[in-house]
Amino acid sequence: MSDSPGPERTHPAPSPTASGPGRVLVAIYAIFAVGATSRAAVQIATRFGEAPVPYLLSAFAAVVYVLATVALARGGAAWWRVAVVACAFELVGVLTVGAVSLLLPGVFPDATVWSNFGMGYLFIPLVLPGLGLLWLRRTAPGPRARTPH
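Our subject in this report is the structure included herewith. All figures in this text were calculated on a predicted structure; none of them were measured in a lab.

1. Brief notes about the pattern of salt bridges
When the charged atoms of two side chains with opposite charge come close together, those side chains can pair. With the rule as written, the count across this model stands at 2 salt bridges. Note that Arg47 and Glu50 form a salt bridge whose closest N and O atoms lie 3.6 Å from each other. On the accessibility criterion, Glu50 (55% relative accessible area) is exposed. When the shortest N-O distance is used, the salt bridge between Asp110 and Arg47 registers 2.9 Å. Here the residue Asp110 occupies a position in the loop between helix H3 (77-103) and helix H4 (124-138), and Arg47 occupies one in helix H1 (residues 21-47), the gap between them amounting to 63 residues. The partly exposed category is assigned to Asp110, whose relative accessible area is 23%. One network of salt bridges, with partners in common, ties together Arg47, Glu50 and Asp110.

2. Some thoughts on the packing of aromatic side chains
Tallying each qualifying case throughout the model produces 5 aromatic pairs. Consider the rings of Tyr29 and Tyr65, whose centres lie 6.0 Å apart with planes at 50°: the pair is tilted. One end of the pair, Tyr29, is in helix H1; the other, Tyr65, is in helix H2 (residues 52-73), with 36 residues separating them in the sequence. What makes Tyr65 buried here is its relative accessible area of 0%. Consider the rings of Phe60 and Phe89, whose centres lie 5.3 Å apart with planes at 65°: the pair is edge-to-face. Of this pair, Phe60 sits in helix H2 while Phe89 is found in helix H3, placing the two residues 29 residues apart along the sequence. For Phe60, a relative accessible area of 36% translates into the label partly exposed.

3. Re H2
In an α-helix, one full turn covers 3.6 residues, which means residues spaced three or four apart are oriented alike. The end-to-end C-alpha distance of H2 is 32 Å, a good match for the 32 Å that 22 residues give at a rise of 1.5 Å each. Listed in full, the buried residues belonging to H2 are Pro54, Tyr55, Ser58, Ala61, Ala62, Val64, Tyr65, Ala68, Thr69, Ala71 and Leu72. Structurally, H2 contributes buried residues whose contacts are with H1, H3 and H4.

4. Remarks on the environment of Leu126
Position of Leu126 relative to the elements: it lies in helix H4. Accessibility expressed as a relative area gives 28% for Leu126, which makes it partly exposed. Spatially, the C-alpha atoms of Leu126 and Val113 are 9.9 Å apart, while their sequence positions differ by 13 residues.

5. A closer look at the side chain of Thr112
Residue placement: Thr112 occurs in the loop between H3 and H4. Within the structure, Thr112 has its side chain in polar contact with the backbone nitrogen of Trp114 (distance 3.1 Å). The residues contacting Thr112, other than those within four sequence positions of it, are Arg39, Pro54, Leu57, Ser58, Val97 and Tyr121.

Reading guide: rules and limits
Residues numbered from 1 in each chain as written. Predicted model: local features only at pLDDT ≥ 70, side-chain atom pairs only at ≥ 80, totals over all residues. Heavy atoms only, no water. Salt bridge = Lys/Arg side-chain N within 4 Å of Asp/Glu carboxyl O. Buried < 20%, exposed > 50% of the residue type's maximum accessible area, 1.4 Å probe, protein only. Helix = DSSP H or I, 4+ residues; strand = E, 2+ residues; numbered from the N terminus. Phe/Tyr/Trp six-rings, centres within 6.5 Å; stacked < 30°, edge-to-face > 60°. Expected span 1.5 Å × (residues − 1). Contact = heavy atoms within 4.5 Å. Polar contact = N/O pair within 3.5 Å; in protein donor to acceptor, adjacent residues only side chain to side chain.

Written as structure tokens, this is what we have:
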């Protein structure tokens, strides 16, 4: 008779990007995904005519946050690459929108998540993609031969 109560169950190993400090990163991205999606949905549904460019950018930022959240939470080399692209795109987006919103404020009659480099969100949108890219570098899949320089 076996000591085992039933068939052995195996649980998939957590994604390296979603373990340790990566869990906090995934949680923050998830919060921003929900927040940006909610904000964009309300803005587009109620006031789209007032500021279509910022509201569409808010919706686009929401898509980027959702994609980054899913990619960071999933395992495998393909999802890792998706996460890198999402974080890099987010960084370019927040830098571009941040600069344009400061230099040409008339283009942004209402704020987006990325306006003024994320000032309305305590600059987290500016810092988050950098942290994401650093974490992704650390959790890169495949062999990582290190050579001293």
